[in-house]
Amino acid sequence: MTTAGATPIAEDRLIPLVSGEKLWKNFGGNDVLKDAGIELRAGEIHAIVGENGAGKSTLAKIIGGAHTPTRGVVRVRGAVTTIPNPRSAIAQGIALIHQEPLTFPDLSVAENIFVGRQPTRLGRIDWTTMRRDATALLGRLGARIDPRAAIRGLSVADQQMVEMAAALSQHARVFLLDETTASLTPTEVKELFRVMRQLQSEGAALAFIGHRMEEIFEICDRITVMRDGEIVARLLTRETSIPEVLRLMVGRPIEAMFAKTVEHALGPAMLEVRALSRRGEFRDVSFTVHAGEIVGLAGLVGAGRTEVARAIFGVSRPDAGELRVNGAAVTIRSPRDAMRLGVALVPEDRQHHGLLMPNAIWRNATLAVIRRLSRFTWLRNGSARRQAADYAARLRVKCRDVRQPVRELSGGNQQKVVLGKWLMTNPRVIILDEPTRGIDVGAKAEVHRLIADLAASGVAVLLISSELPEVMGMSDRVLVMREGRLVGEFDRATATAERVIAAATGQAPPAATAA
Amino acid sequence: MESTVVSQPPMLPAAMRRVIAARELPILIVLVLIVAFTAVTEPRFLSTDSTRSILVSIALLVVLAMGETLVLLTRGVDVSIGSMTGLAGMTIGILFRDQYVENVYLGTLLGILLGAALGAVNGLLVTLCRVPPIIATLGTMGVYRGLTFVVSAGRQVDEYQLPPGLAGWSVRGPFGQGVVPWVVVAALGVAGMTAVLLRFTRIGRRVYAVGGNPEAARLRGIAVGRVTFGVYVFSGATAGLAGMLYASRLGAINPEAIGSGMELMAIAACVVGGVSIFGGSGTVLGVLLGCLLLGTIETALAVLGVADAWQKVAYGGAILLAVVADGIAARRWGGSSSA
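About the thresholds
Residues numbered from 1 in each chain as written. Chains lettered and ligands numbered in written order. Predicted model: local features only at pLDDT ≥ 70, side-chain atom pairs only at ≥ 80, totals over all residues. Helix = DSSP H or I, 4+ residues; strand = E, 2+ residues; numbered from the N terminus. Buried ≥ 20, exposed ≤ 12 C-beta atoms within 10 Å, placed from the backbone. Contact = placed C-beta atoms within 7 Å. Rg over C-alpha atoms; globule rule 2.2 N^0.38 Å. Nonpolar A, V, L, I, M, F, W, Y, C, P; charged D, E, K, R; others polar. Core = buried A, V, L, I, M, F, W, Y, C linked by C-beta atoms within 7 Å. pLDDT = per-residue confidence, 0-100. Pairing = 2+ DSSP bridges. Axes fitted to C-alpha atoms, helices over the stretch in contact; angles between N-to-C directions. Parallel < 35°, antiparallel > 145°, perpendicular 65-115°, else oblique. Expected span 1.5 Å × (residues − 1). Arc of directions from axis to C-beta. Left-handed = near helix turned anticlockwise from the far one by under 90°.

### Describing the overall build of chain B
Regarding its fold elements, chain B presents 15 helices and 0 strands. Looking at chain B residue by residue over its 339 residues, the buried ones come to 48%. Considering only contacts in chain B between residues 6 or more positions apart, those separated by 24 or more positions represent 76%.

Here it is in structure tokens:
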């Protein structure tokens, strides 16, 4: 490693600490990473940016040992290596820091840093030395955390510091920070940046995955832009601009992907939300969805979109605000109330909230209309099965039989079952939360067709999606949320990807690049 | 409006929270109240014989609870400890009776080893076969109890068939015929060992790590399976020892009675003593006090003339009370447990 004449630092600057070449990753038939390459050099902070699903996290996880690449080569200090698991990654000096810290809530800060490797003396754990070493490490990061404190009760930011200290104690030289600022306050972000600069000055390589452009332009030296699993640009921060990066992130002509919904006249206001607030989640959210209209709700993960949907559907109670369904003021205390009013919610996480995985398709599909299909509490199973089969055929669910358990279906077909379940309730308002997440392209197109048909039949649709092309392609209007507030509204004519992204990330709209 | 203070749950000062969160103080208070009340009502309660009897029965519970503590700390549970106590105790009793083994210490060692082997079966079921702990140990609970009848042909091993030294462990101690017989010393030894293991060894700290956050433990390079397997072996070994202590205390080994119901008492003692059933939190001191409290309640109720059935109600009640109080404290003061 140390060739004669060259100082280690100088050599580090020549050879990247870690590099990936021609990396591919395939999940369930989809290539989420295509021929991606990246170099992380000593003493640099390197941003990886892209839309949701562009492959940033996958790339970081491959280098951090959480995923193994389907194809491709990873090098550490120039030498080809394999990183089968996070343990191996840390042994090779690579630490992956997650948005949600992986810590042990009941153990102390010091122990969280040294867990599994506590210093011992005569076979006994040496608590004094451990605390002293922990204090030294935290001091090196400039973090003011009591090493004796329990992790439970520390902020996410402090827990991230503890994870960084743990990585440092294992001589990590490469830090992969995956959306670590997403749940931090501005002050905590500043503190994190100070620590990142400290590590940078010690010759570490840092990869920073994030969405907020101002943060990236403040802290990063280089920017790698990803789109659809591919690397589309490698830029020096000082030679580029926020509008350019946004343009590269969005890239392709979006409208081409989704057929515009057929123009049809809108009906009366079906769902009206007025000044809805819930402390810690969202504030002062107002909008209207008309019969036959698809309203897209765009924003970054964590902007509060799902929370608004849950409050409308009665899963959580808003602190303030007013709801109107079909023109009448209503109070929705529970999902039962919502369903009675003709409001349906197709949740984001179908595994946990939408489906009973081991149960048959028809059982799942008829769950929401169990009352209608039963007489004096006795379920009329034959009739239920027939109706479910009818819907399954209409939605083109690929299955042997409606008696097949839903866990045997593909993600796309599971999603169709969830949709079918709610369609059977004949809703007037349907809220779809990430309806195409994790399903393949063909199924996606069918789900989109279904949504368009629904709207055409006069249902008011609120479409929450983190996929910009989807929101923009499907929606008659696009609302944008950021940090719990509604920050933008665009109709088809004014909604450009750049504007929506700018609103979602808190940038001034780039006037020059608009269409 | 932006004030973050408002949205936080009310927090007591750290020192006060520590006292409330620390299970030791309230248990101690309840314990003193029970002892005082019973002693005033029935002075015989504090006689040497009575005290020794309480301590001997608590000693058994302590040994079993130490094994259970480790299992609970990893988010598991072992309901087969009573049956393991029975099978190990009965098997060694038969070895004594048929004079394959005459030395009491060798017999005890064999009992511990047999218990460890029975625990290893649980460990393999949980780690290798991925059976949920409650189901795995519920199964072996039945299997081991059945085998106890099989090896004994349903007959009891009587006092005269056991080595003469064994019963003496429950009577004599390092200070002669006093309130502290050898059985109690052994239990304290096991508790001390467990405390050192948990507090001062990497193995012990791994147990906390695995229970606290299994995913994080795996990512930090801890062999989660090996730790999990180990705690079931330990639990079996303590049950094996408990089998011998049981034989010493009662003088005879009955296939139906030996160890029966002990799993419930041990789990109760752990939970009352502050071990979280969600894993990752709990101390030996707390469990010791839990054992002391439950054992005292048992004897106090007997001394006060309460029927056996009501004693069972009292245990169940004590567990529920402890868990409910814990949950309330956690919600009110942002303390431990849950999540």
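There is more to say, and it comes next.
### Regarding the overall build of chain A
Scanning chain A from terminus to terminus reveals 18 helices and 24 strands. Against the globule reference of 24 Å for 515 residues, chain A gives a C-alpha radius of gyration of 26 Å, in line with a compact fold. Reported as C-alpha extents along the three principal axes, the dimensions of chain A are approximately 80 × 60 × 45 Å. Looking at chain A residue by residue over its 515 residues, the buried ones come to 47%. Once local pairs closer than 6 in sequence are excluded, the contacts in chain A between residues at least 24 apart make up 68%.

### Thoughts on the interface of chain A and chain B
Interface size is commonly expressed as the accessible area that is lost once the parts come together. Contacts between the two partners involve 17 residues from chain A and, on the opposite side, 18 residues from chain B. Tallied by class, the residues present in the side of chain A that touches chain B amount to 7 nonpolar, 5 polar and 5 charged.

### Some remarks on the nonpolar core
Among the nonpolar cores identified, the biggest contains 248 residues, and F175(A), V500(A), A59(B) and V62(B) are the most heavily contacted of them. When residues of this core are assigned to their parent elements, the largest contribution, 16 residues, is made by helix α4 (residues 48-73) of chain B. Excluding anything up to four places from it in sequence, V500(A) contacts A298(A), L468(A), M472(A), V478(A), V480(A), F490(A) and A495(A).

### Observations concerning the confidence of the model for chain B
Residue and element names in this part refer to chain B. Scored by pLDDT, chain B has a mean of 86; 89% of the residues are at 70 or more. Helix α1 (residues 4-7) is the least confidently modelled element of chain B, averaging 36 in pLDDT, while helix α6 (residues 104-127) averages 97, the highest of any element. Confidence drops under pLDDT 50 across residues 334-339; counting only partners more than four residues distant or on other chains, this segment forms 19 contacts. Here the complex is predicted with pTM 0.75, and the ipTM for its interfaces comes to 0.76.

### Points about the sheet that holds strand β14 (residues 282-290) of chain A
One key point about sheets: their strands pair by backbone hydrogen bonds, in either a parallel or an antiparallel sense. All names here are of chain A. Across the sheet, which stays open at both edges, the 4 strands sit in the order β14-β13-β16-β17 with antiparallel pairing between neighbours. In this open sheet, the two strands that pair with only one neighbour each are β14 and β17 (328-330). Taken pair by pair, the neighbouring strands of this sheet meet at an average axis angle of 20°, ignoring direction. Contacts from helix α10 (residues 305-312) reach β13 (269-278), β14 and β16 (320-325) within the one sheet, and its direction differs from that of β13 by about 115°.

### What about the packing of helix α9 (residues 182-200) of chain B against helix α10 (residues 202-212) of chain B?
Geometrically, a packed helix pair is captured by the angle between its two axes and the distance between the axes. Residues and elements named next belong to chain B. In contact at an axis separation of 5 Å, α9 and α10 are set at 75° when each is read in the N-to-C sense. The angle between the axes of α9 and α10 places the two elements in the roughly perpendicular class. Where α9 abuts α10, its residues L197, L198 and R199 lie against I203, G204 and V207. Of the residues contributing to the contact of α9 with α10, the split by class is 4 nonpolar, 1 polar and 1 charged.

### A few points about the sheet that holds strand β1 (residues 18-27) of chain A
Residue and element names in this part refer to chain A. What the 4 strands build is an open sheet, ordered β2-β1-β4-β5; its pairing is antiparallel. Among the strands making up the open sheet, the edge pair consists of β2 (30-40) and β5 (79-81). Between one strand and the next, the sheet's axes are offset by a mean angle of 30°, whatever the strand orientation. Relative to β5, strand β4 (residues 71-76) runs antiparallel, the two being bridged by 3 bridges. Considered in β5, the bridge of R75 is made with V80. Each of β1, β2 and β4 is contacted by helix α2 (residues 56-63), which is oriented at about 120° to β1, the strand it contacts most.

### Focus on helix α6 (residues 156-169) of chain A
The terminal C-alpha atoms of α6(A), which comprises 14 residues, lie 20 Å apart, in line with the 20 Å expected from a rise of 1.5 Å per residue. Residues of α6(A) that are buried make contact with α3 (86-91), β6 (94-97), α4 (109-114), α5 (127-141), β9 (174-178) and α7 (186-201) of chain A.

### Re the environment of D146(A)
All names here are of chain A. By the secondary structure assignment, D146 is in the loop between α5 and α6. Its 15 C-beta neighbours within 10 Å are what place D146 among the partly exposed residues. Considering only alpha carbons, one finds D146 and T135, 11 residues apart in sequence, at a separation of 7.7 Å.

### Points about the pairing of strand β22 (residues 460-464) of chain A
Residues and elements named next belong to chain A. Counting buried residues along β22, 5 of its 5 residues qualify, which places the element largely inside the surrounding structure. In β22, alternate side chains face the same way, and those of A460, L462 and I464 on one face and V461 and L463 on the other are all buried. With 4 bridges connecting them, strand β15 (residues 294-299) and β22 associate as parallel partners. Across the sheet, L297 pairs through a bridge with I464, a residue of β22.

### Digging into helix α9 (residues 242-250) of chain A
Residues and elements named next belong to chain A. Those residues of α9 not exposed but buried are V245, L246, M249 and V250. Along the axis of α9, the buried positions cluster into a sector of 130°, meaning they face one direction only. Next to the buried residues of α9 lie β3 (45-49), α8 (213-219), β11 (222-227), α17 (468-474) and α18 (497-505). Count one or two residues on from α9 and you reach G251, which has phi positive near 65°.

### Focus: the packing of helix α5 (residues 81-97) of chain B against helix α7 (residues 133-152) of chain B
Residue and element names in this part refer to chain B. Close contact between α5 and α7 brings their axes to 8 Å; oriented N to C, the two are set at 20°. When the interaxial angle is binned, α5 and α7 end up roughly parallel. The interaxial crossing formed by α5 with α7 has left-handed handedness. Counted together, S83, M84, G86, L87, M90, T91 and I94 of α5 and T140, M141, Y144, R145, L147, T148, V151 and S152 of α7 form the full contact between these two elements. The class makeup of the residues in the contact of α5 with α7 is 8 nonpolar, 6 polar and 1 charged.

### A few points about the environment of G299(A)
Residues and elements named next belong to chain A. For G299, the position within the fold is in strand β15. Residue class for G299 comes out buried when judged on the 28 C-beta atoms lying within 10 Å of it. Sequence separation between G299 and G43 is 256 residues, and the spatial gap between their C-alpha atoms is 33 Å. Among residues more than four places away in sequence, those in contact with G299 are R305, V480, M481, R482 and A504.

### Brief notes about the environment of I135(B)
Residue placement: I135(B) occurs in helix α7. With 85 residues separating them along the chain, I135(B) and S50(B) place their C-alpha atoms 38 Å apart.

### Notes on unusual backbone geometry
The backbone of L122(A) sits at a positive phi, close to 55°, despite the residue not being glycine. The backbone of Q99(B) sits at a positive phi, close to 60°, despite the residue not being glycine. Residue position: Q99(B) is located in the loop between α5 and α6.

### Concerning the confidence of the model for chain A
Residues and elements named next belong to chain A. Confidence in the prediction of chain A, expressed as mean pLDDT, is 85, and 91% of residues score 70 or more. Confidence drops under pLDDT 50 across residues 1-12; counting only partners more than four residues distant or on other chains, this segment forms 8 contacts. Taken as a whole, residues 511-515 scores under 50 in pLDDT and shows 8 contacts with residues more than four places along the chain or in a different chain.

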